[in-house]
Amino acid sequence: MTIANIISAIGNNNSVYPLIVRDCGIEVPTKIVLTYNQNKKESKGVAYLAARERFLDEYSVSAVWLGGIPLVGKVCDYFIKKRGLNPNVNLKLFNEEANIQGIDYNIKKFENLAPDAVKDLIKIKNNKKLYEKMLAGKFIASTTIPILFMGFILPKLIFASSARKIEALRKQESAKKNSQPISFLQKDKFYNSKDVSFSGNWIAKVANFSAQDKMAVTDGGYALGRVGTARNKNEAYDISFKMAGMMFLNFVAPKWIEKGLNKLTGVELDPVILADKEFIKQVKDGSIKNSIPMSSKPEDLLKFIDDVSNKDSLFIKFAKKFGKIKTFENGVRDPRAYLDLKDLAKFRNDLSDFASKSKGLGEDAFKVFVRKARVAKSSNIITNVALSSFLLAYALPKAQFAFRKWITGSDLEPGLAPAEKIVDNSQLVNKNIKKY
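Position numbers for residues start from 1 in each chain and track the written sequence from start to end. Given that the model is predicted, a residue must reach a pLDDT of at least 70 before its local features are reported, and side-chain atom pairs must reach 80 or more before they are shown or counted; all residues, however, enter totals for whole chains, interfaces and linings. Heavy atoms from the whole structure form the basis of all side-chain values; hydrogens and water molecules are not counted.

Quick notes on the overall build of the protein
Here's step 1: We count a stretch as a helix when DSSP gives it H or I for four or more residues in a row; a strand needs E for two or more, and each element gets its number in order from the N terminus. Regarding its fold elements, the protein presents 17 helices and zero strands.
Here's step 2: Per-residue burial for the protein yields a buried fraction of 49% across its 436 residues. Each residue is assigned to one of three classes by its accessible area relative to the maximum for its type, calculated with a 1.4 Å probe on protein chains only: buried under 20%, partly exposed between the two thresholds, exposed over 50%.

Regarding the side chain of Arg54
Here's step 1: Relative to the assigned elements, Arg54 resides in helix α3 (residues 44–82).
Here's step 2: Looking at Arg54, the relative accessible area reads 8%, which means it is buried.
Here's step 3: Any two residues having at least one pair of non-hydrogen atoms within 4.5 Å are treated as being in contact. Residues contacting Arg54, with those up to four places away along its chain left out, are Lys31, Ile32, Thr35, Lys242 and Glu413.

Considering empty space enclosed by the protein
Here's step 1: Throughout, the protein atoms alone are placed on a 1 Å grid, and a set of points is a cavity if a 1.4 Å probe fits but cannot get out or a pocket if it is open with protein on both sides within 12 Å along at least five of seven lines; lining residues have an atom within 4 Å of a point. Grid points are joined across faces, edges and corners, and a volume is the space filled by probe spheres set on the points. Within the structure shown, the criterion is met by five cavities of 30 Å³ or more.
Here's step 2: In this model, the largest cavity occupies a volume close to 280 Å³.
Here's step 3: Ranked by residue count, the leading element in the lining of the largest cavity is helix α9 (residues 233–251), at five residues.
Here's step 4: Gly is put with the polar residues, along with every residue not named as nonpolar or charged; the nonpolar set is Ala, Val, Leu, Ile, Met, Phe, Trp, Tyr, Cys and Pro, and the charged set is Asp, Glu, Lys and Arg. Looking at side-chain class alone, the lining of the largest cavity contains eight nonpolar, two polar and nine charged residues.

Focus: helix α13 (residues 298–305)
Here's step 1: What α13 keeps buried is the set Asp300, Leu301, Leu302, Phe304 and Ile305.
Here's step 2: In this structure, the buried side of α13 is in contact with α14 (314–321) and α15 (341–358).

Digging into the environment of Lys40
Here's step 1: In this fold, Lys40 is placed in the loop between α2 (17–39) and α3.
Here's step 2: With a relative accessible area of 39%, Lys40 lands in the partly exposed category.
Here's step 3: Measuring from C-alpha to C-alpha, the distance between Lys40 and Asp411 comes to 8.7 Å, with 371 residues separating the pair along the chain.

Examining the packing of α15 against helix α16 (residues 363–408)
Here's step 1: Note on geometry: axes are C-alpha line fits, over the in-contact stretch for helices, and angles between N-to-C directions span 0 to 180 degrees. At a closest axis distance of 10 Å, the pairing of α15 and α16 adopts a crossing angle of 140 degrees. With respect to their mutual orientation, α15 and α16 come out oblique. Along the contact surface, α15 presents Phe354, Lys357 and Ser358, while α16 presents Phe366, Phe369, Val370 and Ala373.
Here's step 2: Partitioning the contact of α15 with α16 into residue classes produces five nonpolar, one polar and one charged. Working rule for angles: under 35 degrees goes down as roughly parallel, over 145 as roughly antiparallel, 65 to 115 as roughly perpendicular, anything else as oblique.

Section: the environment of Asp350
Here's step 1: Position of Asp350 among the secondary structure elements: in helix α15.
Here's step 2: Among the residues examined, Asp350 registers a relative accessible area of 15% and is labelled buried.
Here's step 3: Taking the C-alpha atoms as reference, Asp350 lies 6.6 Å from Leu269; in sequence the two are 81 residues apart.
Here's step 4: What Asp350 contacts, discounting residues up to four positions off in sequence, is Glu268 and Leu269.

A few points about α9
Here's step 1: A helix's residues, less one, multiplied by 1.5 Å, set its expected span. With 19 residues, α9 should cover 27 Å at 1.5 Å per step; its first-to-last C-alpha distance of 27 Å lies within 8% of that length.
Here's step 2: Residues Asn234, Glu235, Ala236, Asp238, Ile239, Lys242, Met243, Gly245, Met246, Leu249, Asn250 and Phe251 constitute the buried set of α9.
Here's step 3: In the analysis that follows, any N or O atom pair within 3.5 Å is treated as a polar contact, provided that within protein one partner can donate a hydrogen and the other can accept it, and provided that, for residues neighboring in sequence, both atoms belong to side chains. For α9, the capping residue at the N-terminal end is Asn232, with a side-chain oxygen 3.2 Å from the backbone nitrogen of Asn234.

Brief notes about unusual backbone geometry
Here's step 1: Not every positive phi belongs to a glycine, and Asn99 is a case in point at roughly 60 degrees.
Here's step 2: Residue classification places Asn99 among the exposed positions, given a relative accessible area of 65%.

Looking at the side chain of Thr408
Here's step 1: For Thr408, the position within the fold is in helix α16.
Here's step 2: In terms of polar contacts, Thr408 uses its side chain to reach the backbone amide nitrogen of Ser410, at 3.2 Å.

Quick word on the pattern of salt bridges
Think of it this way: side chains of opposite charge can pair up when their charged atoms draw near.
Here's step 1: In what follows, salt bridge is the name for a side-chain nitrogen of Lys or Arg lying within 4 Å of a carboxyl oxygen of Asp or Glu. Inspection of the entire model under this criterion finds 18 salt bridges.
Here's step 2: We note a salt bridge from Asp306 to Lys109, for which the minimum N-O separation is 2.4 Å. Of the two residues, Asp306 is situated in the loop between α13 and α14 and Lys109 in helix α4 (residues 103–109); the sequence distance between them amounts to 197 residues.
Here's step 3: Two residues, Glu235 and Arg231, come together in a salt bridge whose shortest N-O distance is 2.9 Å.
Here's step 4: With relative accessibility at 1%, the residue Arg231 sits in the buried group.
Here's step 5: Bridged by salt links that share partners, the residues Glu53, Arg231 and Glu235 form one connected network.

Describing the packing of aromatic side chains
Here's step 1: To pair, rings of Phe, Tyr and Trp, with the six-membered ring standing in for Trp, must have centres within 6.5 Å; the planes then decide the type, stacked if under 30 degrees apart, edge-to-face if over 60, and tilted in the middle. Taken as a whole and judged by the stated rule, the model has ten aromatic pairs.
Here's step 2: Measuring from centroid to centroid gives 4.6 Å for Phe241 and Phe403, while their planes differ by 10 degrees, and the two rings are stacked. Of this pair, Phe241 sits in helix α9 while Phe403 is found in helix α16, placing the two residues 162 residues apart along the sequence.
Here's step 3: Residue classification places Phe241 among the partly exposed residues on the basis of a relative accessible area of 29%.
Here's step 4: Measuring from ring centre to ring centre gives 5.0 Å for Phe354 and Phe369, while their planes differ by 35 degrees; the resulting arrangement is tilted. Separated by 15 residues along the polypeptide, Phe354 in helix α15 and Phe369 in helix α16 bring together distant segments of the chain.
Here's step 5: Members of the aromatic cluster, connected to one another through ring pairs, are Phe279, Phe318, Phe354 and Phe369.
Here's step 6: Here, over-ring charges are defined by two tests on the NZ atom of lysine or the CZ atom of arginine: distance to the ring centre within 6 Å, and angle to the ring normal within 35 degrees. The side chain of Lys128 reaches across the aromatic face of Phe94, ending 4.6 Å from its centre.

Topic: the nonpolar core
Here's step 1: Among buried residues, the Ala, Val, Leu, Ile, Met, Phe, Trp, Tyr and Cys ones that are joined through side-chain atoms within 4.5 Å form a nonpolar core. Of all hydrophobic cores here, the largest spans 32 residues; its most connected members are Phe279, Phe315, Leu344, Leu351 and Phe354.
Here's step 2: Per element, the largest residue contribution to this core is seven residues, and it comes from α15.
Here's step 3: Discounting residues that sit within four places of it in the chain, Phe315 has contacts with Ser291, Ile292, Pro293, Leu301, Phe304, Ile305, Leu344, Phe347, Arg348 and Leu351.
Here's step 4: Listed in part, the 17 residues of the second largest apolar core include Ile107, Leu121, Ile124 and Val332.

Comments concerning the confidence of the model for the protein
Here's step 1: pLDDT runs from 0 to 100 and stands for how confident the predictor is about each residue. Overall, the predicted model of the protein reaches an average pLDDT of 82, with 79% of residues at or above 70.
Here's step 2: Scored below 50 in pLDDT, residues 178–200 shows 42 contacts in the model against residues more than four places distant or in partner chains.

Have a look at this one:
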């Protein structure tokens, strides 16, 4: 894989790659160190246990988070296929868009062009309710199973393991101080999860969630589970603060940062495109206009995409690479897939705008222009990953520690803190508020 491909992968905020880099490579190791350092201010024994819990928790969650959801999805797809239905048919096609796309429109249009795919569409049309139920089951299974494990089962396993070590630490500390034993743990609490009801055409929306979308949903349930299984009230507050920050910094902030940096530099195209020699050649000689649709209007986009003579064009090549369209080997568009024409229009305009900005430049000036664009976009991606990783791995834990100190009066992990460190947080919060 080239450098451009690597940068492109970690810069795609709709995929799991940035999450893998930030989560496993940067965030978790940093959090483990910060957790140990924060707790050792008051107790090295608690610091060791806190770091151990963080290590087991974070990497176990990452494994389920990044691998569990896709795995469950594949298992569900297997059972959908066993019922004779193709899980690749997009339910959004049931919302007919006149003369553009829709299940009836696509069946008629592709009847002779892609007969096998049309058979799949017909089966789905005739078994819509069954297909909806199976897709709903797929979504629920691929999110609920990871949520149950990460939010409820895993913390209890870790807490049980820590409890034994805490008891040993308690005895050790008791012997040193020659005092009465200290109770390190309050009785665990269980909170029953409530049924969640759905309304509206939610199946069509969630059935097309990307892996990252499902991770966001899973994170929400995971957060609720962690708060519900907290060992005491202070730990519930501490976890709530952490999980809210993690969800924002993982799924929202990187996209905001990306938009801001792209607007600042004026470069939207992916590094893979900017490193493509054929693309640069066509931009330079002006032939790129023949490789993209005439305009961003839906009819022009569809006319270009559905013309199989354009199957080797740069627009089709890159649109397929970045998952914007699906085609068969003969160039015919897959009628089972839904076209996001708004996204395709932006993509077409980004290609056209880049070509327009370079128009009229001399040989040397053009090379400088392309090089600057490539460096700017790559720098945007690296800056985004670095900034969001810093916020996740350092700023958020530091903010959490400050919040913990403010709410509990102690630097220790609330779930591991000795009984003498557990305070009435309502009184402490009121006291802190009065300071301001």
